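Structure assessment
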Amino acid sequence: MARGQRAAVADRRLFPLRSPTFALVLLLLLYLVLAGLYSVTTPIFEASDEVWHYPFVKYLADNGGLHRGLPVLTDQGGDAERPWRQEGGQPPLYYALGALLTKHIDTGDLHEVRWLNPHADTGVIKPDGNANMVVHTERERFPYQGAVLAVHLVRWMSVLMGAVTVWAGYLLAREVEPEQPAVALGAAALTTFNAMFLFITSSVNNDALVNMLCALGMWLMVRYVRASPRPWQWALLGTVLALASLSKLSGLAMFPVAAIAVALVAWRRRAHGGIVARELLSGWIGIGLPLLLLDGWWFVRNWRLYRDPTGLSAFVAVVGRRYPQPTLRQLVGEWRGFMMSFWGLFGTMNVPAPTWFYDILTLLAAIGLLGLPLYLWRLCREKASHGDKLWQLGLILLWLAILFLSFLRWTLTTPASQGRLLFPGLTAINLLIALGLTAWPPGRMRPALLAFMGIFMAITAASFPQAVIAPAYRPPPVLASKPADMEPVEARFVTLDGQPQMRLLGYKLSRTELAPGEDLAVSLCWQAEGAMRENYSVFLHLLTADERILSQRDVYPGLGTFPTTLWQPGQIIVDTYILPVPVTAMTPAELSLAVGLYRVETGERLRVLSEAQADGRVSILGDHVRFGRIVLPPRREGEIPNPVHIELEGRIALVGYDLDRTAAAPGESLHLTLYWRALRDIDTNYSVFTQVVGKQDRIWAQMDGWPRGGQAPTATWRRGQLIVDPYVLTIKQEAPPGVYDLQVGMYTAEGKRLTVTGEGGHAKDTRILLGNIRVLPVGS
């Protein structure tokens, strides 16, 4: 019995389904159910950039489609305030289809349902929440109406595109392994149950369309290697790729692969009497002409507007270039975030799944990719019978290499290390993982690893909507009274004309002693005193003895989910805020907390009235309440005060510092001592900068130079050496009173700063922020 026949028998034993077609239909039904669940569970505008994608759809629906014009990105700086932001520069096909689907719906209420949370922690995972991009109300409940209905209709369009992607992935795998249906079903299952894929394809996002078209394009190319395509078939491929490019620019990356596929087919036909030049010309015209006919107008428009046929320069100008730009080595440090956003990072990249979920899937995928060389080696041993398969896999690997290089270029340009950006090649990636997983076990157990991975992904993907996504946007429960374990406060917040708004009933601290780098949890109990017409934000400051803010949190009540205009009089809630203490916080220190309410639009704070002055534990200071006593004990590691470990490009680390004072008047000096450690032998001289910096990065005190005033140049440092490096910073006479940043770092002889690298080596900044200092009034 041949190897392929033996594998097919093993497949039927492990997958006792009536037929591969039945199993595929089952997978598609499961995908539709799960994607539908993600669609209705994820609140509108809480998927990646959906809050910007949908306004583009609405713009086209309101203005009669593509022939009436597209949004224009300008260089005047106002695009960041427009409802579509940078997404208005995307190729328009997906948005035009969404507009066609929703043009008869009255979406005039968009400004009401698209209620932006001004404090949303977009792209940042915070332990206390505040993940919601917008505020959600009863308007979003079923039955859907207005803009909410339009958003869900476009989401369901994306879901259907995702189903086609799953189907195309199955067809791709069957082309490569026609005798092993379990491989095709397994690869399709890896796509079906990828939680991130389900999340993205159940949202308003042009990724759904480009993923689908790229999956279809890859299948057609691989199919043509085995078949003998006619000119119309090349034109069909060209049309698919042109539509992909009109959906998202990543679709353009498929054209080099298609051109090589044409050359490969033409070269192979020469053995059958074909004329290579004619075959090449016919194929290249077939794939190139649709690009010219369907997309040419788009490139011409962009050239006229931006002097850039792709419009990418205008897009980047809005979203912002990455700073500091990392090296490829530093980019490897972002691997963790990349994998999280490949397997399932929800919300606006700020609602994570459990850590073990990423670890298990990354391990299984690594086993699969490590097994791929074994699979290829077996094919090469039987090259005579697997020539087509090797060429097909070569095209797949080429496509993924081009896609990955494009991803690297984009990630080096903008802060976008998101694994989901590789989803145009998701079906190809999953096929390679499936082939590698089935290459490891012997005999009939060959599909076992693949089956385990698919089942694990299915179970976790089905649980995440209710276990992970829904809780992130759930408002806090309304309580009957203040919890008994909270310290009483009894402070009333009123408007300037004395109208009562909110009452702070009590607080609770998770601890009263902590170290730099640790978190402080602060629970506050709030009560509405009346119906409020304004939305007030909470500010919570962790203050030093000289009134410097060491850490702060600014949010709407309910940690973003329960703005004050939604409150009913008398309602009580408890919010728990997490305040991280910076690792560079100077010790020893005694800290306190300040809390108040303000309008984010104007910065105007509510006034505070006290009904019960406590025994010194709580004080009322006009526009905020002060309470709590938190201690940072002194820290030393041997001779090093305030120990830290902050690396500069893996060469040098700041391991501690000392500062003689944190407040000074103009003309007075701060004595700063830095403790550096060489992480390797240094052969280059770097200068140190120490600065006191105010608004608009204006420098109010500075001292630069080689370490120890030139007596310890970095080119003499050896690995492990500790250097004690003192500086004197004199505040300029004209410095106004206020709080200023204290920052340090190093730079080369050419003036290029060394990059501060974080855990794993990823690029963070070009300065080390030690904290802040206070400049006192003259004569104080």
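Everything below is about the structure printed above this text.
Here we summarise the structure given alongside this text.

How each quantity is defined
- For every chain, the first residue of its written sequence is number 1, and the numbers climb from 1 along that sequence.
- It should be noted that, the model being predicted, local features are given only for residues of pLDDT at least 70 and side-chain atom pairs only at 80 or more, the latter also being counted only at that level, while totals for whole chains, interfaces and linings use all residues.
- For the side-chain quantities, the full set of heavy atoms in the structure was used; hydrogens and water were omitted.
- Helix and strand definitions here come from DSSP, where helices need a minimum of 4 consecutive H or I residues and strands a minimum of 2 consecutive E residues; each element is numbered from the N-terminal end.
- What goes into a patch is any residue over 30% in relative accessible area without a salt bridge, connected to like charges within 9 Å or, for nonpolar side chains (Val, Leu, Ile, Met, Phe, Trp, Tyr), within 5 Å.
- Surface exposure here means Shrake-Rupley accessible area, sampled with a 1.4 Å probe, where a residue is shielded only by the protein chains that are shown.
- Put simply, a salt bridge is a Lys or Arg side-chain nitrogen that is within 4 Å of an Asp or Glu carboxyl oxygen.
- By convention a nonpolar core is built from buried Ala, Val, Leu, Ile, Met, Phe, Trp, Tyr and Cys residues, the set being connected through side-chain atoms within 4.5 Å.
- A simple rule labels every residue: compare its accessible area, found with a 1.4 Å probe on the protein chains alone, to the largest value its type can have, and call it buried under 20%, exposed over 50%, or partly exposed in between.
- The criterion used for residue contact is that any of the two residues' heavy atoms lie within 4.5 Å.
- Using a 1 Å grid laid over the protein atoms alone, points where a 1.4 Å probe fits but cannot get out form a cavity; open sets with protein on both sides within 12 Å along at least 5 of 7 lines form a pocket; any residue with an atom within 4 Å of a point counts as lining.
- Grid points are joined across faces, edges and corners, and a volume is the space filled by probe spheres set on the points.
- Gly is put with the polar residues, along with every residue not named as nonpolar or charged; the nonpolar set is Ala, Val, Leu, Ile, Met, Phe, Trp, Tyr, Cys and Pro, and the charged set is Asp, Glu, Lys and Arg.
- Here a Phe, Tyr or Trp ring, Trp counted by its six-membered ring, pairs with any other such ring whose centre lies within 6.5 Å, and the pair is stacked when the planes are under 30 degrees apart, edge-to-face when over 60, and tilted otherwise.
- Two conditions define a charge sitting above a ring: the NZ of Lys or the CZ of Arg must be within 6 Å of the ring centre, and it must be within 35 degrees of the ring normal.
- Helices are assigned an expected span. That span is 1.5 Å times one less than the residue count.
- Should DSSP find at least two bridges between two strands, the strands are regarded as paired.
- Under this definition, polar contacts are N or O atom pairs within 3.5 Å; protein pairs additionally need one hydrogen-donor-capable and one acceptor-capable atom, and for neighbouring residues in sequence, both atoms have to be side-chain atoms.
- Interaxial angles span 0 to 180 degrees and are taken between N-to-C directions of axes, which are lines fitted to C-alpha atoms, for helices over the stretch in contact.
- When an angle is under 35 degrees it counts as roughly parallel; over 145 it counts as roughly antiparallel; between 65 and 115 it counts as roughly perpendicular; any other value is oblique.

Some thoughts on unusual backbone geometry
- The omega angle of the peptide bond from Y323 to P324 is -5°, so this bond is cis rather than trans.
- In this structure, P324 sits in the loop between α13 (312-319) and α14 (328-332).
- Residue P588 is reached from T587 by a cis peptide bond, and omega for that bond is -5°.
- Take P588: it is sitting in the loop between β10 (572-580) and β11 (589-598).
- The phi angle at N642 is positive, at roughly 45°, despite the residue not being glycine.
- Along the chain, the position of N642 falls in the loop between β16 (640-641) and β17 (646-648).
- Positive phi, normally seen in glycine, also occurs at Q696, with a value near 55°.
- Here Q696 shows up in the loop between β21 (687-693) and β22 (699-705).

Things to note about a nonpolar patch on the surface
- On the surface, L281, I285, L289, L292, L293 and L294 cluster together to form a nonpolar patch covering roughly 590 Å² of accessible area.
- In this structure, I285 sits in helix α12 (residues 276-306).

Some details on the nonpolar core
- Formed by 154 residues in total, the largest nonpolar core has its most connected members in W343, F346, I396, W399 and M453.
- For this core, the leading source of residues is helix α6 (residues 146-176), giving 16 residues.
- When residues no more than four places from it in sequence are discounted, the contact partners of I396 are L172, V176, M218, V222, A428, L431 and L432.

Remarks on the layout of surface pockets
- By volume, the second largest pocket amounts to about 1,200 Å³.
- Surrounding the second largest pocket, 44 residues form its lining, F315, W410, T414, A416 and L421 being those nearest its centre.
- With five residues, the top contributor of residues to the lining of the second largest pocket is helix α17 (residues 387-413).
- When its residues are assigned to classes, the lining of the second largest pocket shows 20 nonpolar, 17 polar and seven charged.

Examining the packing of aromatic side chains
- Per the counting criterion, the structure on display carries 32 aromatic pairs.
- Between W700 and Y740, the aromatic rings sit 6.3 Å apart at their centres with planes inclined by 70°, giving edge-to-face as the arrangement. Linking W700 in strand β22 with Y740 in strand β24 (residues 738-747), this pair joins segments that are 40 residues apart in sequence. Both residues of the pair, W700 and Y740, belong to the buried class.
- Here a set of aromatic residues connected by ring pairs shows up, and it is made of Y38, F199, F346, W356, F357, Y358, F452, F456 and F464.
- Seen from the ring of W52, R85 lies directly overhead, with NZ or CZ sitting 4.7 Å from the centre.

Details of helix α11 (residues 254-269)
- End to end, α11 covers 23 Å across 16 residues, agreeing with the expected 22 Å (1.5 Å per residue, within 8%).
- Along α11, the residues that are buried comprise M254, F255, V257, A258, A261, V262, L264, V265, A266 and R269.

Observations regarding the sheet that holds strand β19 (residues 663-664)
- What the five strands build is an open sheet, ordered β19-β27-β24-β21-β22; its pairing is mixed. Edge strands, defined here as strands with exactly one partner in the open sheet, are β19 and β22.
- Here seven bridges tie β21 to β24, and the two strands are oriented antiparallel to one another. Looking across to β24, one finds that T690 is bridged to V744.

Quick look at the environment of T564
- Its location among the elements puts T564 in the loop between β9 (549-555) and β10.
- For the pair T564 and Q501, spaced 63 residues apart in sequence, the C-alpha to C-alpha distance is 9.0 Å.
- Among residues more than four places away in sequence, those in contact with T564 are M502, M532, E534, N535, Y536 and P557.

Some remarks on the side chain of D109
- Here D109 lies in the loop between α4 (93-102) and α5 (110-113).
- By relative accessible area, D109 is classed as buried at 17%.
- At 3.5 Å, the side chain of D109 and the side chain of R139 are in polar contact.

Details of the packing of helix α16 (residues 355-381) against helix α18 (residues 426-437)
- Axis separation between α16 and α18 bottoms out at 6 Å; the angle between their running directions is 75°. If you check the angle between α16 and α18, you find them roughly perpendicular. Residues L364, A365, I367, G368, L369, G371, L372 and Y375 of α16 form the contact with α18, whose own contacting residues are L432, I433, L435, G436 and L437.
- Of the residues in the contact of α16 with α18, the class split is 10 nonpolar, three polar and no charged.

These figures come from the coordinates and say nothing about function on their own.
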